[in-house]
Amino acid sequence: MSDAGPTVGTAPEKGIDRSLYASATMIDPEAQEGNTDGTVWSDNVLYRWVQRFEKLAGAEARGIERVPESLRSHKVALADYVQMAIIWFSANLTANNVLLGLLGPLVFDLGLNDCLLLGTFGGLVGAAACGYISTFGPLSGNRTLVVARYTMGWWPSRICVLLNIVIMLGYGLVDTLIAGQILSAVNGQGLTVIVGVIIAAIISLVICLFGMKLFHQYERYAFIPQLLVLFILIGVAGPKFDTSTVSTGNGPTRSADQMSFFFLCMSGPLAWTPASADFYVYFPPTASRWKVFMSSTLGNGLSTIITLLLGSGVASGVAGNPSWGAAYGVSEGALLTEVFAPLGTFGHFCAVVIALGMIANNVPGTYSASLSFQLLGRWFQAIPRFFWTIVGVIIYTVCACAGRDKLFSIFQNFLALMGYWTAMWVTLTLEEEFIFRKGLAGYDWKAWNQAKKLPIGIAAFTAFCIGWVGAVLGMFQTYFTGPLAATVGDGIDLGIPVSISWAALSYPPLRWLELRFLGR
């Protein structure tokens, strides 16, 4: 990794890797560039307290403020691109994606071969969208949903902010709940699911409070025990995977279930797009955009595919293994624990590793949610990221404890809904960059906090709403089936393709009119 130089107002320090972490002092004039809302962070007692904690404990005080180039590393080495891939590999080589793979055979009645094929391509497509958005981190020095202002506009971008809070806290709910279920199953119900949820939430909180430096260090190694345990899972459970299972239902029903599962697998990595650039803001703009894209896509896609395939394999064996079926009747976490049962005490240890591995998935989501809180308005920004992290953890911990008996339903429904809006936003961002900005030269990244220099957002908001109409018409969920979704089989989830196409077709003419008559 690149050598560190001096932080603002201090002498150079050895051993600090600025590509992973930089001083977040709020009185840095360059960091305050574009801050026109009248906030003076040096007079904010909360920020002064957090800065003091930063100096004492090495935590990150910076929130949504743009990271100026003076605080970033001066060059990018091969190790940096490897680190980018490892972040995503660690974050997604976790049990929640195994849970997503379970849905294919157990909910959509698909055969194992179909699940393997659909999971592979669905995971890659979703990871590619995430990889594209992640490239804006080094280029701009801005957090992901600050970049959204350049497409959605100053006020409409806050819709994306609210939806991202729902995504990331929803993932926190799922992650801590899976961990709690596994820990409870390992303990033989002596340790309740609620206690397991709280344990996972506290560990996630500690890592998130320290910010980017500890986050990168943790994710750099978190995948190692997970990968080893998943290899063990293949060895112990693989012989029980039922490769002879086939997708059930008549032609239209089978096709509908296959497409619905494909888009659900796509939604898994796609849901990371509103956070994907958050973790790269300390890398310099000289970073190769293509290499950043490939590193992120491969790390995210490969880990997602591995876990999706394992989940589908486990699910294929539930019908033929009474002990697995009984465990599945208790909870999804109990099923993953039962898979390791032939290994005895060592199997329990493996299950605990799987449970604690959920933290690697939960940390980036919690970190991103805390940033999104600050983007809701200047008064929210006046409260440091440190405190919003605590608020976010409390919210999803309480929700996980309340919804501990409905994990599958929560996961399936919220993930599909989040896939709709993230797919539309990525589409609008692509069109804004390549049609109207003519590439990166059209962006003034220093204007990140100047509403008058950003798009008004009428075109993007209108196209976004049109896309949502398409999503509702094509939606196939337990609580609602749209008229388009009802046309194939027992229902098909067309929310993503319909919403993308409607938003993509409506945005260019609307944006042209906005530029023609409003000028920005």
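The structure displayed is predicted, hence computed values, not measured ones. (Residues numbered from 1 in each chain as written. Predicted model: local features only at pLDDT ≥ 70, side-chain atom pairs only at ≥ 80, totals over all residues. Heavy atoms only, no water.)

A. Spatial organisation of the overall build of the chain. Assigned secondary structure in the chain consists of 20 helices and two strands. The 520 residues of the chain split such that 61% are buried. Here the contacts in the chain between residues at least 6 apart in sequence split such that 83% fall between residues at least 24 apart. Taken as a whole, the chain presents about 18900 Å² of accessible surface, with 69% of it coming from carbon and sulfur. (Helix = DSSP H or I, 4+ residues; strand = E, 2+ residues; numbered from the N terminus. Buried < 20%, exposed > 50% of the residue type's maximum accessible area, 1.4 Å probe, protein only. Contact = heavy atoms within 4.5 Å. Areas by Shrake-Rupley, 256 points an atom, 1.4 Å probe, with all protein chains shown as cover.)

B. Quick peek at the environment of Ile390. Within the element layout of this structure, Ile390 appears in helix 17 (residues 385-402). Counting along the chain gives 181 residues from Ile390 to Leu209, while the straight-line C-alpha distance between them is 8.1 Å. Excluding anything up to four places from it in sequence, Ile390 contacts Leu205 and Leu209.

C. The side chain of Glu431, seen in detail. Along the chain, Glu431 falls in helix 18 (residues 407-436). There is no salt bridge for the buried Glu431, and the closest opposite charge comes from Arg511, which lies 9.4 Å off by N-O distance. (Lys, Arg positive; Asp, Glu negative; His and termini not counted. Salt bridge = Lys/Arg side-chain N within 4 Å of Asp/Glu carboxyl O.)

D. Spotlight on the packing of aromatic side chains. For the structure on display, the rule yields 24 aromatic pairs. Ring centres of Phe108 and Phe261 lie 6.0 Å apart, and the angle between their planes is 55 degrees; on these two criteria the pair is classed as tilted. One end of the pair, Phe108, is in the loop between helix 3 (95-107) and helix 4 (112-134); the other, Phe261, is in helix 11 (residues 251-270), with 153 residues separating them in the sequence. On the basis of relative accessible area, Phe108 is assigned to the buried category, the value being 8%. Since its relative accessible area comes to 1%, Phe261 is described here as buried. Relative to Trp425, the ring of Trp421 has its centre 6.3 Å away and its plane inclined at 40 degrees; by these criteria the two rings are tilted. A residue pair is termed a helical-turn pair when its members lie 3 or 4 positions apart in one helix, as Trp421 and Trp425 do in helix 18 at four residues. The burial state of Trp421 is the same as that of Trp425; both residues are buried. The ring of Phe136 is capped by Arg289, whose NZ or CZ atom sits 5.0 Å from the centre of that ring. The aromatic ring of Tyr443 is capped on one face by Arg437, whose charged end is 4.6 Å from the ring centroid. (Phe/Tyr/Trp six-rings, centres within 6.5 Å; stacked < 30°, edge-to-face > 60°. Lys NZ or Arg CZ within 6 Å of the ring centre and 35° of its normal.)

E. Representation of helix 17. Given a rise of 1.5 Å per residue, 18 residues ought to cover 26 Å, and the 26 Å separating the end C-alpha atoms of helix 17 matches this to within 8%. Turning to helix 17, its buried residues number three or more, namely Arg385, Phe386, Trp388, Thr389, Gly392, Val393, Tyr396, Thr397, Ala400 and Cys401. (Expected span 1.5 Å × (residues − 1).)

F. Representation of the pattern of salt bridges. For the structure on display, the rule yields four salt bridges. Put simply, Glu432 and Arg511 hold a salt bridge, and the shortest N to O gap is 3.0 Å. Pair noted here: Glu432 is in helix 18 and Arg511 is in helix 20 (residues 495-518), with a separation of 79 residues, a long-range link. Here Glu432 and Arg511 have matching classes, each one buried. A salt bridge links Glu514 to Arg511; the nearest nitrogen and oxygen atoms lie 2.8 Å apart.

G. Inspection of helix 20 at higher detail. Taking 1.5 Å as the rise per residue, helix 20 with 24 residues should run 34 Å; its terminal C-alpha atoms sit 32 Å apart, in good agreement. Along helix 20, the sharpest kink reaches roughly 35 degrees, centred on Tyr507 and followed within four residues by the proline Pro508. Of the positions making up helix 20, those classed as buried are Gly495, Ile496, Val498, Ser499, Ala503, Ala504, Ser506, Tyr507, Arg511 and Glu514. Within two residues after helix 20, Gly519 carries a phi angle of roughly 85 degrees, on the positive side. (Bend = angle between axes of the 7 residues up to and from the residue.)

H. The arrangement of the environment of Phe283 in detail. Note that Phe283 resides in the loop between helix 11 and helix 12 (289-316). Here the alpha-carbon distance between Phe283 and Leu139, two residues 144 residues apart in the chain, equals 8.4 Å.

I. Region of interest: the confidence of the model for the chain. Taken over all residues, the pLDDT of the chain has a mean of 84, while the share at 70 or more is 87%. Under a pLDDT of 50 for its full length, residues 1-42 has, in the predicted model, 99 contacts with residues more than four places off or in other chains. (pLDDT = per-residue confidence, 0-100.)

J. The nonpolar core, seen in detail. Formed by 135 residues in total, the largest nonpolar core has its most connected members in Trp421 and Trp425. Top contributing element to this core by residue count: helix 8 (residues 157-186), with 16 residues. Leaving out residues up to four positions away in the same chain, Trp425 has contacts with Ile133, Thr144, Leu145, Ala148, Met152, Cys160, Thr273 and Pro274. (Core = buried A, V, L, I, M, F, W, Y, C linked by side-chain atoms within 4.5 Å.)

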